[in-house]
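Structural description and commentary
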Amino acid sequence: MSTTKEKPNSDSLAVALARAHLEAWTNHDLDSARGNLAEDVQFFSPAANLVGIDEYMDAPRGLTQFAKQVVPGSLRVFAAIGDERNALIMYEVATEGGPIGSKVFPSAQTWLLDDNGKIKVERIVSYVAPRGV
């Protein structure tokens, strides 16, 4: 019995959505970012575990609070791979002002899409470095 596996690639549906999601929130288009999410989205990071769109976006450690401090246009994608439901992207963004200050956030993030092509699960690992170092 033979099984067919999708080959991971950087142009897959999940990678395209994940890239669009990153572009949206790093450029402060939070309405578009919200539109990419499944109602029961789950987000896991060292800073927070969030469930549902409102918590994901608006919790004290939610996306909106972080995105407001990101310098628009600072997103740099280093690598991306995935298939129709899964994506892995390595990237960095820069922040300025606010409680975080001037920092760079190198990150590795995974996304799992639901049957409707919305983000169901998002996991991130990142660290902080001072800008200009």
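Look up: the structure comes first, before these words.
Scope of this entry: the structure provided in the associated data block. (Residues numbered from 1 in each chain as written. Predicted model: local features only at pLDDT ≥ 70, side-chain atom pairs only at ≥ 80, totals over all residues. Heavy atoms only, no water.)

A short note on a nonpolar patch on the surface
A contiguous nonpolar surface patch, about 350 Å² in accessible area, is contributed by F78, I81, L88 and M90. On the basis of relative accessible area, F78 is assigned to the partly exposed category, the value being 47%. (Patch = residues over 30% accessible without salt bridge, like charges linked within 9 Å, V, L, I, M, F, W, Y side chains within 5 Å. Areas by Shrake-Rupley, 256 points an atom, 1.4 Å probe, with all protein chains shown as cover. Salt bridge = Lys/Arg side-chain N within 4 Å of Asp/Glu carboxyl O. Buried < 20%, exposed > 50% of the residue type's maximum accessible area, 1.4 Å probe, protein only.)

Regarding the layout of surface pockets
The computed volume of the largest pocket comes to approximately 560 Å³. Lining the largest pocket are 25 residues, with S45, A47, R61, G62 and F66 sitting closest to its centre. Partitioned by chemical class, the residues of the lining of the largest pocket number 16 nonpolar, seven polar and two charged. (1 Å grid on protein atoms, 1.4 Å probe; cavity = no way out; pocket = protein on both sides within 12 Å on 5 of 7 lines; lining within 4 Å. Points joined across faces, edges and corners; volume = space filled by probe spheres on them. Nonpolar A, V, L, I, M, F, W, Y, C, P; charged D, E, K, R; others polar.)

Overview of the side chain of T26
Here T26 is to be found in helix α1 (residues 13-26). Its relative accessible area of 0% is what places T26 among the buried residues. At 2.7 Å, the side chain of T26 forms a polar contact with the backbone oxygen of L22. Sequence-distant contacts of T26, defined by excluding residues within four places in its chain, comprise V70, V71, P72, G73, L75 and V93. (Helix = DSSP H or I, 4+ residues; strand = E, 2+ residues; numbered from the N terminus. Polar contact = N/O pair within 3.5 Å; in protein donor to acceptor, adjacent residues only side chain to side chain. Contact = heavy atoms within 4.5 Å.)

Some details on the nonpolar core
W25, Y91 and W111 are the most contacted members of the largest nonpolar core, which totals 31 residues. Broken down by secondary-structure element, the contributors of at least two residues to this core are α1, β1 (37-44), α3 (53-58), α4 (63-67), β4 (86-95), β5 (103-113) and β6 (119-126). Looking at this core, the element that brings in the most residues is α1, giving seven residues. Ignoring sequence-local partners within four residues, the contact set of W111 consists of A18, H21, L22, R85, N86, A87, I89, Y91, I119, V121 and E122. (Core = buried A, V, L, I, M, F, W, Y, C linked by side-chain atoms within 4.5 Å.)

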